[in-house]
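Reading the structure
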Amino acid sequence: MTDRSSGRLKDKQLSHKNDHVNHRAKLIKLFILISIYRLANAWMIRTQFDPDEYWQTLEPAYCLAFGNETTTAKRPLHPQQKYSCALTWEWTRRRKISLSSVKTQDMSSFQKIIHSAHAVIEQALHGPVRSYVSILPTYWYYVGCRSLFQWASEDNYSDSILNKRSYATKLIEHTKQFVRQYSTYIISKGPAFVHAITVAVPTDLSVWIIASRLERLEINSRTLNSAVHLHWWQSWASWSLILTITSWFNGYALIRTYANSIETMLLMVGIALLGPELFGDVSAVTIKRRRRNRLHARIAFVLGGLSACVRFTSLTAWVPIGVIIVLRENTTAKEKLGTLFGLCAANGLFGVVLGCCVDRWIYGFWAVPFLGNFHFNVILGLGSLYGTHPMLWYIYAGIPAICGIMLPIFLWEVLLLLLTKSHPQTNDPDTRSSRLTILWIVASYSILHSSSEHKEFRFLLPVLPLMFILAGHAMVRLLGGTRMYQPKLMLATLCLLSYPHLIYLGTIHQRGPISTNALLASIIYNEAQQDKSNSHYSVHYLMGCHSAPAYSHLHNTDVFVDVEYLDCSPECRSNEEITCESDAFSNDPYRFMYSKYFATDDGECEDEESIHNHSCMISENKNRAHSKQTPSFVVIMQNDALKIEGLLTGRWNATRVASVKHSVAFISWHKKQQRNTDVLSLFSLIDIHFELIEVYSTL
């Protein structure tokens, strides 16, 4: 009997080992396939969703890697750190705390510590609101590009070597020329490919891992045998992965360089690591396995701490996760407190400290950006300056929009979870409690985010994969017992109803800023090749608040570009006595141009009526003495360009070099007319009218 039992134990251990090997092999195959898909996804996206994807990631990373002025502590600059760059108020927000006005000589050591801590907290509350943790993938990529560009700019070959013209020499020279010519694309588009691999792929794989674990728990509760063969349409993990892959919003937003994308990845990888603690683990029968699960849980909460540094609102998911883990344990109250503070809080705090150390290294002082973010958005309530929505907006607009075609399936699963006491096909309550855990995380995140007046679709991105895990379970219930043609029909329906949205939004809608900058970079490169003496160019964006990316999309290894854009910082938005530059321009473009570029000695025209009548003229000598330097290029929306075109062409001798389609203005039936740049005709039936971005050159 002893020999038989030991043999069974060895067979069971061998089976678990084989399952582990097969699971790892499947993960590698999925990683390769999903990577190819997400790289194609990143290549396809050629539009702008929101300026934050550039001004909260690409621009600050570009400043660190290539900027001649940096926020870091003093250190030698790399030879490629010679270009101009720009940071928004989120990175430059400061409040100088004067410690000299407070006498600390008479204080005790304890009082000095309290005073120093208070000063640090005050500095953090009024300091930067963005953490550099979220830009690390992009920054590391730019550091690699920096070395590549330095190599491409060097000429290490003597005349004798060049005269030989060996194949190796030709290849190296052509490679260097290619790098210099396409440096703009490498800098502007490369981070999207990096995010596709480092953010989107881990998120998709985490969805599959979480659903696979829950599927094994469900199978074990039914058959006590985890080695059950399932067709792909009978697999919870397969449907969850299919839904997250075909999601139009994941394809549109997840690969973009948002802090929300980093938050999504950290949350999903964290939940995947927390699976045994959060959902239970029937295979954790050995001490070694339980220790491994505990180690994974510690790593998960460290990621949670880093996520809080990126966006403090991620705590609305991580705090419920910690509470759920504690409540699931069948231990004493003392052990529950040990788990809460020893496992969850301590490791989360370590992640926060780690993130603060990254910011300390880059900012050069102890910045705690999530405190600055909390102070700006919650205490001061200034997040509403960037738009407000009703409290229930996420419920009736946000979730339906990002779920798309899968909304009915998701709602069906939610209703079944709330209205039934156990799974319809099993009496074991654990499978239901695991899905309820996911639902509570989604609900707490959505409800607590609803308390903020400023809402955006992308703020719900971190919990969207969790919704697809629940919807994946409903798909198995709906199609698991059907024939193969029905799941294939459903898959085709998902693609047909999701991909048109993605293709339109990813390639057409709001493409203007990206296409405009690509055009400018190409013109500047060609101009620099023709005129080697001119290595400085300037671009002025006379458009709305951060309407286009800047230096990260205009980088050129051979020239220097200076960018100016209209100010719309909170300092002017929150002060009624100050008019932001963006508002002043939109209210009266003609007057703004004169006050900014063509002001007289006293900074004004002779009378206000002359400005509006377009009769305010300044002598050529005064214009040269008191106007700003004429920019090389001006980028402006068509409606505003019509108001000041006479000024651009008359005073600057500017010529319009391009009209770039931006976003759809309206759609009408086709009319026979002359070909216009702002109209796209489809099959001579429908005319799509676009808003245009005009590009003027003074060269």
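As shown above, the structure is provided for reference.
Procedures and definitions
- Along every chain, residues carry numbers that run from 1 in the direction the sequence is written.
- Per-residue local features of the predicted model are confined to residues with pLDDT of at least 70, and side-chain atom pairs are confined, for both listing and counting, to 80 or more; whole-chain, interface and lining totals are unaffected and use all residues.
- Calculated side-chain values reflect all of the structure's heavy atoms, with hydrogen atoms and water omitted.
- Each helix is a run of H or I in the DSSP string that is no shorter than four residues. Each strand is a run of E no shorter than two, and both are numbered from the N terminus.
- Note on classification: 1.4 Å probe, protein chains only; a residue is buried when its accessible area is under 20% of the maximum for its type, exposed when over 50%, partly exposed between these limits.
- The contact criterion used throughout is that any non-hydrogen atoms of two residues lie within 4.5 Å.
- Accessible areas in this description were obtained via Shrake-Rupley with a 1.4 Å probe; residue shielding takes into account the shown protein chains only.
- What a helix is expected to span follows from its residue count: subtract one and scale by 1.5 Å.
- Without a salt bridge and with relative accessible area above 30%, a residue can belong to a patch; like charges are then joined within 9 Å and nonpolar side chains (Val, Leu, Ile, Met, Phe, Trp, Tyr) within 5 Å.
- Here, a salt bridge means any side-chain nitrogen of Lys or Arg that lies within 4 Å of a carboxyl oxygen of Asp or Glu.
- Throughout, the protein atoms alone are placed on a 1 Å grid, and a set of points is a cavity if a 1.4 Å probe fits but cannot get out or a pocket if it is open with protein on both sides within 12 Å along at least five of seven lines; lining residues have an atom within 4 Å of a point.
- Grid points are joined across faces, edges and corners, and a volume is the space filled by probe spheres set on the points.
- Throughout this entry, Asp, Glu, Lys and Arg are counted as charged residues, while Ala, Val, Leu, Ile, Met, Phe, Trp, Tyr, Cys and Pro are counted as nonpolar. The remaining residues, Gly among them, count as polar.
- A fitted line through C-alpha atoms serves as each axis, taken over the contacting stretch for helices, and the angle formed by two N-to-C directions is quoted from 0 to 180°.
- Orientation is classified from the angle alone, with under 35 degrees giving roughly parallel, over 145 giving roughly antiparallel, 65 to 115 giving roughly perpendicular, and any other angle giving oblique.
- In this scheme the handedness of a crossing depends on how the near helix is turned from the far one: anticlockwise by less than a right angle means left-handed, clockwise means right-handed.
- Definition used in this section: a nonpolar core is a set of buried Ala, Val, Leu, Ile, Met, Phe, Trp, Tyr and Cys residues joined via side-chain atoms within 4.5 Å.
- Within 3.5 Å is the distance limit for a polar contact, defined as a pair of N or O atoms, with the added protein rule that one can donate a hydrogen and the other accept it, and that residues adjacent in sequence qualify only through two side-chain atoms.
- For Phe, Tyr and Trp, where Trp contributes only its six-membered ring, two rings pair if their centres lie within 6.5 Å, and the inter-plane angle classes them as stacked under 30 degrees, edge-to-face over 60, or tilted in between.
- The disulfide criterion is simple: two cysteine sulfur atoms within 2.5 Å.

1. With respect to the overall build of the protein chain
Helix and strand counts for the protein chain stand at 28 helices and 6 strands. In the protein chain, which comprises 699 residues, the proportion classed as buried is 49%. Within the protein chain, residue pairs in contact and separated by at least 24 positions form 77% of the contacts whose partners lie at least 6 positions apart. As displayed, the protein chain offers around 34,600 Å² of accessible surface, 59% of which is attributable to carbon and sulfur atoms.

2. Describing helix H14 (residues 315–328)
Its 14 residues give H14 an end-to-end C-alpha distance of 20 Å, which sits within 8% of 20 Å, the value for a rise of 1.5 Å per residue. Among the residues of H14, those classed as buried are Thr 316, Ala 317, Trp 318, Pro 320, Ile 321, Gly 322, Ile 324, Ile 325 and Val 326.

3. What to know about a nonpolar patch on the surface
A surface patch of nonpolar side chains, amounting to about 610 Å² of accessible area, comprises Ile 667, Trp 669, Leu 680, Leu 682, Leu 685 and Ile 686. Counting residues per element, the ones that place at least two in the nonpolar patch are strand S4 (655–669) and strand S5 (679–682). One can find Leu 685 in the loop between S5 and strand S6 (686–697). Residue class for Leu 685 comes out exposed when judged on its relative accessible area of 51%.

4. Focus on the layout of surface pockets
Picture a little ball the size of a water molecule; that probe, rolled over the atoms, points out where space is still empty. Taken as a whole, the second largest pocket spans an internal volume of roughly 1,000 Å³. Lining the second largest pocket we find 39 residues, and of these Asn 377, Gly 383, His 454, Glu 456 and Phe 459 sit closest to its centre. Of all the secondary structure elements, the ones that give two or more residues to the lining of the second largest pocket are helix H2 (52–66), helix H3 (89–92), helix H16 (369–379) and helix H19 (430–449). Residue contributions to the lining of the second largest pocket peak at 4 residues, all from H16. Among the residues forming the lining of the second largest pocket, the class breakdown is 14 nonpolar, 15 polar and 10 charged.

5. What about the packing of helix H20 (residues 464–479) against helix H21 (residues 485–507)?
Direction vectors running N to C along H20 and H21 enclose 140 degrees, while the axes themselves pass 10 Å from each other. As judged from the angle between their axes, H20 and H21 are oblique. Like other packed secondary-structure pairs, H20 and H21 cross with a definite hand, here right-handed. Contacts from Met 475, Leu 478 and Leu 479 in H20 reach Gln 486, Pro 487 and Met 490 in H21. Of the residues assigned to the contact of H20 with H21, the class counts are 5 nonpolar, 1 polar and no charged.

6. Quick notes on the nonpolar core
Phe 66, Ile 271, Leu 274, Leu 278, Ile 321, Ile 469 and Tyr 541 are the most contacted members of the largest nonpolar core, which has 139 residues in total. No other element matches the 14 residues that helix H8 (residues 183–223) contributes to this core. Of all hydrophobic cores here, the second largest spans 18 residues; its members include Tyr 594, Phe 598, Leu 647 and Trp 652.

7. Structural notes on the environment of Gly 338
Its location among the elements puts Gly 338 in helix H15 (residues 333–363). We classify Gly 338 as partly exposed; its relative accessible area is 41%. Along the primary structure Gly 338 and Val 326 are separated by 12 residues, whereas in three dimensions their C-alpha atoms are 9.2 Å apart.

8. Topic: the side chain of Thr 516
You can see Thr 516 is positioned in helix H22 (residues 512–530). Under the relative-accessibility criterion, Thr 516 is labelled buried at 1%. A polar contact of 2.7 Å, which involves the side chain of Thr 516, links it to the backbone oxygen of Gly 512. Those residues within four positions of Thr 516 in sequence are excluded, and the remaining contacts are Val 635, Val 660, Ile 693 and Val 695.

9. With respect to empty space enclosed by the protein
In total, this model carries 6 cavities of 30 Å³ or more according to the counting rule given. Within this model, the largest cavity holds a volume of roughly 60 Å³. As for the largest cavity, its lining consists of Tyr 62, Tyr 83, Ser 84, Tyr 551, Leu 554, His 555, Asn 556, Val 559, Phe 560 and Val 561. Of the residues that constitute the lining of the largest cavity, the class distribution is 7 nonpolar, 3 polar and no charged.

10. Some thoughts on the packing of aromatic side chains
Two numbers describe a pair of aromatic rings. These are the distance of the centres and the angle of the planes. Applying the stated criterion to the full structure yields 27 aromatic pairs. Among the aromatic residues, those joined into a cluster by ring pairs are Tyr 62, Phe 66, Tyr 83, Tyr 141, Tyr 142, Phe 149 and Phe 560.

11. Examining the environment of His 553
Position of His 553 among the secondary structure elements: in the loop between strand S1 (536–542) and strand S2 (560–565). For His 553 and Ser 515, which are 38 residues apart along the polypeptide, the C-alpha to C-alpha distance reads 10.0 Å. Setting aside anything within four residues of it in sequence, one finds His 553 in contact with Tyr 54, Leu 58, Thr 184, Ser 188, Ile 514, Asn 517 and Ala 521.

12. Considerations on the state of the cysteines
In the structure shown here, the tally under the stated rule is 3 disulfides. What pairs with Cys 63 in a disulfide is Cys 85, and their sulfur atoms sit 2.3 Å apart. Handedness of the Cys 63-Cys 85 disulfide follows from its S-S torsion of about 115 degrees: it is right-handed. Here Cys 85 lies in the loop between H2 and H3 and Cys 63 lies in helix H2, a separation of 22 residues in the sequence. For Cys 63, a relative accessible area of 3% corresponds to the buried category. Taking the relative accessible area as the measure of exposure, Cys 85 reaches 22% and is therefore partly exposed. Disulfide pairing places Cys 572 opposite Cys 580 at an S-S distance of 1.9 Å. Between Cys 572 and Cys 580 the disulfide shows an S-S torsion of about 100 degrees. By sign, it is right-handed. One exposure class covers both Cys 572 and Cys 580, and it is buried. Note on Cys 356: no disulfide assigned, nearest cysteine sulfur contributed by Cys 309 at a separation of 4.9 Å.

13. Focus: the packing of helix H18 (residues 407–419) against H20
Taken N-terminus to C-terminus, the directions of H18 and H20 make an angle of 85 degrees; their axes are 8 Å apart at the nearest point. If you check the angle between H18 and H20, you find them roughly perpendicular. Here Ile 409, Phe 410, Trp 412, Glu 413, Leu 416 and Leu 417 of H18 come into contact with H20, specifically with Met 467, Leu 470, Ala 471, His 473, Ala 474, Met 475, Arg 477 and Leu 478.

14. Some points on helix H9 (residues 236–246)
Across the 11 residues of H9, 10 count as buried, placing the element largely inside the fold. For H9, every residue scored as buried is listed here: Trp 236, Ala 237, Trp 239, Ser 240, Leu 241, Ile 242, Leu 243, Thr 244, Ile 245 and Thr 246. Among the residues of H9, the N-terminal cap falls to Ser 235, whose side-chain oxygen and the backbone nitrogen of Ala 237 are separated by 3.4 Å.

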